[in-house]
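Spelled out, the chains give:
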Amino acid sequence: MSDPTPARRRALDGLAALTLGTAGACLVGMALVQAWQVFARYVLNDSPGWTEPVALLLMGLAVMLGAAVGVRRESHFAFEGLRDALPGPIRAAATALARLIALAAGLGLLGYGAWLMIDDWGVAMAGAPLPSGLKFLGLAVGGGLISLFALERLLTGDFVDPQAED
């Protein structure tokens, strides 16, 4: 089974590219924040308190966005060696099960991440003039993207059978 609408596939390809680019920008931002921390501490002798929470926020976003792209590319942890050793129909069922597990995990991250973010929004983040709920933004956004990409794979049935290529 394949996706009947190429436009939807192109849109999700674009979203995955944007997600990966944003994850990369978060990593660059984190490196710049940490560089400023080192410079301010050792050159200016004035260590800013906001750098650690901002770096952690950016790292959380980068990790969760990267995980979402990993689900889209199916390069996540899924016992591929075991799955690929299974006979055809069982292999397809194992692939569908891995996609269902990724979907459930993504929905859990989205739901609980959003709940924690909303619940903690009114509290100030220690060291930075930001809402503390932002710490959970990566969980919510990443979980939503993981869910979307896992659902796409589950519904389109895209699966390359490594044994069929032999």
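Heads up: these notes are all about the structure in this document. The model shown is predicted, which means the values in this text are computed figures rather than measured ones.

About the criteria used
Residues numbered from 1 in each chain as written. Predicted model: local features only at pLDDT ≥ 70, side-chain atom pairs only at ≥ 80, totals over all residues. Heavy atoms only, no water. Helix = DSSP H or I, 4+ residues; strand = E, 2+ residues; numbered from the N terminus. Buried < 20%, exposed > 50% of the residue type's maximum accessible area, 1.4 Å probe, protein only. Contact = heavy atoms within 4.5 Å. Areas by Shrake-Rupley, 256 points an atom, 1.4 Å probe, with all protein chains shown as cover. Axes fitted to C-alpha atoms, helices over the stretch in contact; angles between N-to-C directions. Parallel < 35°, antiparallel > 145°, perpendicular 65-115°, else oblique. Nonpolar A, V, L, I, M, F, W, Y, C, P; charged D, E, K, R; others polar. Left-handed = near helix turned anticlockwise from the far one by under 90°. Salt bridge = Lys/Arg side-chain N within 4 Å of Asp/Glu carboxyl O. Expected span 1.5 Å × (residues − 1). Core = buried A, V, L, I, M, F, W, Y, C linked by side-chain atoms within 4.5 Å.

**Side note on the overall build of the protein chain**
The number of helices and strands found in the protein chain is 5 helices and 0 strands. Listing the helices and strands of the protein chain from first to last along the sequence gives α-α-α-α-α. For the protein chain, the residues scored as buried account for 35% of the 166 residues in total. Counting only contacts in the protein chain whose residues sit at least 6 apart along the sequence, the fraction spanning at least 24 positions is 70%. Here the protein chain displays about 9700 Å² of accessible surface, and carbon together with sulfur accounts for 71% of that area.

**Remarks on the packing of helix H2 (residues 51–72) against helix H5 (residues 137–156)**
Axis separation between H2 and H5 bottoms out at 8 Å; the angle between their running directions is 5°. Relative to H5, H2 is oriented roughly parallel. Here Gly 60, Leu 61, Met 64, Leu 65, Ala 67, Ala 68, Val 71 and Arg 72 of H2 come into contact with H5, specifically with Leu 137, Gly 138, Leu 139, Val 141, Gly 142, Gly 143, Leu 145, Ile 146, Phe 149, Ala 150, Glu 152 and Arg 153. Broken down by class, the residue content of the contact of H2 with H5 amounts to 13 nonpolar, 4 polar and 3 charged.

**A few points about the packing of helix H1 (residues 6–42) against H2**
Interhelical geometry of H1 versus H2 gives an angle of 155° and a closest axis separation of 8 Å. By the angle between their axes, H1 is roughly antiparallel relative to H2. Where H1 crosses over H2, the handedness of that crossing is left-handed. In the contact of H1 with H2, the residues fall into 17 nonpolar, 7 polar and 3 charged.

**Overview of the pattern of salt bridges**
Scanning the entire structure with this criterion turns up 4 salt bridges. Of the charged contacts, one joins Arg 72 and Asp 13 as a salt bridge, the two residues approaching to 2.7 Å between their closest N and O atoms. With Arg 72 in helix H2 and Asp 13 in helix H1, this pair connects stretches of sequence that are 59 residues apart. Classification of Arg 72 as buried rests on a relative accessible area of 5%. Measuring nitrogen to oxygen at the nearest pair gives 3.8 Å for the salt bridge that ties Lys 135 to Asp 120. Placement of the pair is Lys 135 in the loop between helix H4 (88–120) and H5 and Asp 120 in helix H4, with a sequence separation of 15 residues. On the basis of relative accessibility, which here comes to 48%, the residue Lys 135 falls in the partly exposed class.

**Focus on H4**
The first and last C-alpha atoms of H4 sit 47 Å apart over 33 residues, in line with the 48 Å expected at 1.5 Å per residue. Buried within H4 we find Arg 91, Thr 95, Ala 98, Arg 99, Ala 102, Leu 103, Gly 106, Gly 113, Met 117 and Asp 120.

**Considerations on the nonpolar core**
Ala 68, Val 71, Leu 145, Ile 146, Phe 149 and Ala 150 are the most contacted members of the largest nonpolar core, which has 13 residues in total. At the level of secondary structure, the elements contributing two or more residues to this core comprise H1, H2, H4 and H5. Leave out the neighbours within four places in its chain, and Phe 149 touches Leu 12, Leu 15, Ala 16, Ala 68, Val 71 and Arg 72. With 8 residues, the next largest nonpolar core counts Cys 26, Met 30, Val 54 and Ala 55 among its residues.

Just distances and angles here, no functional claims.
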